[in-house]
Amino acid sequence: MEKVRRVAPDLILMDNWIPSLGGEVAVKLLKAEPDLKDIPVIYISANNDVKEIAARAGAERFMPKPFEFDDLLSMAIELVGK
C-alpha cells in the first residue's frame, strides 16, 4: 500500500497471480484503504472464473487473458476518463 500511495496511480492493472498475496487479496486490501479505494482496478487473469474473482475482490472491471491491447486500452480510458 505504501508503494501505491507513493506512486499515486490513476489506474491499477492487477494480475491474478502476483507473489505472496495473490491479486484477489491485494485488491481487497487496496479497497479497504479509505485513501486508495477509489483507484480503479482492472483485474487480469487467464482463470476461467476471472469475472467472479474480480467481483469478489472489488475490482471495477476484469479482462480475461489472452486479450487485445486495444480492448484493454479502451477499458482503461473509460475508467480514468482521459
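That block above? That's the structure.
Undergrad: Hey, could you go over the overall build of the chain for me, with residue numbers and the actual values?
TA: When helices and strands are counted, the chain shows 4 helices and 3 strands. The order of helices and strands in the chain, counted from the N terminus, is α-β-α-β-α-β-α. The C-alpha radius of gyration of the chain comes to 12 Å, within 12% of the 12 Å expected for a compact globule of 82 residues. Considering only C-alpha atoms, the chain reaches an extent of 30 × 30 × 20 Å along its principal axes. Put simply, of all contacts in the chain between residues at least 6 apart along the chain, 49% involve residues at least 24 apart.

Undergrad: Can you break down the nonpolar core residue by residue, with the values?
TA: Side chains that are nonpolar tend, in soluble globular proteins, to be buried together. Counting 15 residues, the largest nonpolar core has Val 4, Ile 12, Met 14, Val 27, Leu 30, Val 41 and Tyr 43 as the members making the most contacts within it. Mapped by element, the contributors of at least two residues to this core are strand E1 (12-15), helix H2 (23-31), strand E2 (41-45) and helix H3 (50-57). With 4 residues, H3 is the largest single contributor of residues to this core. The residues touching Ile 12, leaving out its near neighbours within four places in the chain, are Val 4, Leu 30, Ile 39, Pro 40, Val 41 and Ile 42. Residues Ile 44, Met 63, Met 75 and Ala 76 belong to the second largest nonpolar core, which totals 6 residues.

Calculation notes
Residues numbered from 1 in each chain as written. Predicted model: local features only at pLDDT ≥ 70, side-chain atom pairs only at ≥ 80, totals over all residues. Heavy atoms only, no water. Helix = DSSP H or I, 4+ residues; strand = E, 2+ residues; numbered from the N terminus. Rg over C-alpha atoms; globule rule 2.2 N^0.38 Å. Contact = heavy atoms within 4.5 Å. Core = buried A, V, L, I, M, F, W, Y, C linked by side-chain atoms within 4.5 Å. Buried < 20%, exposed > 50% of the residue type's maximum accessible area, 1.4 Å probe, protein only.

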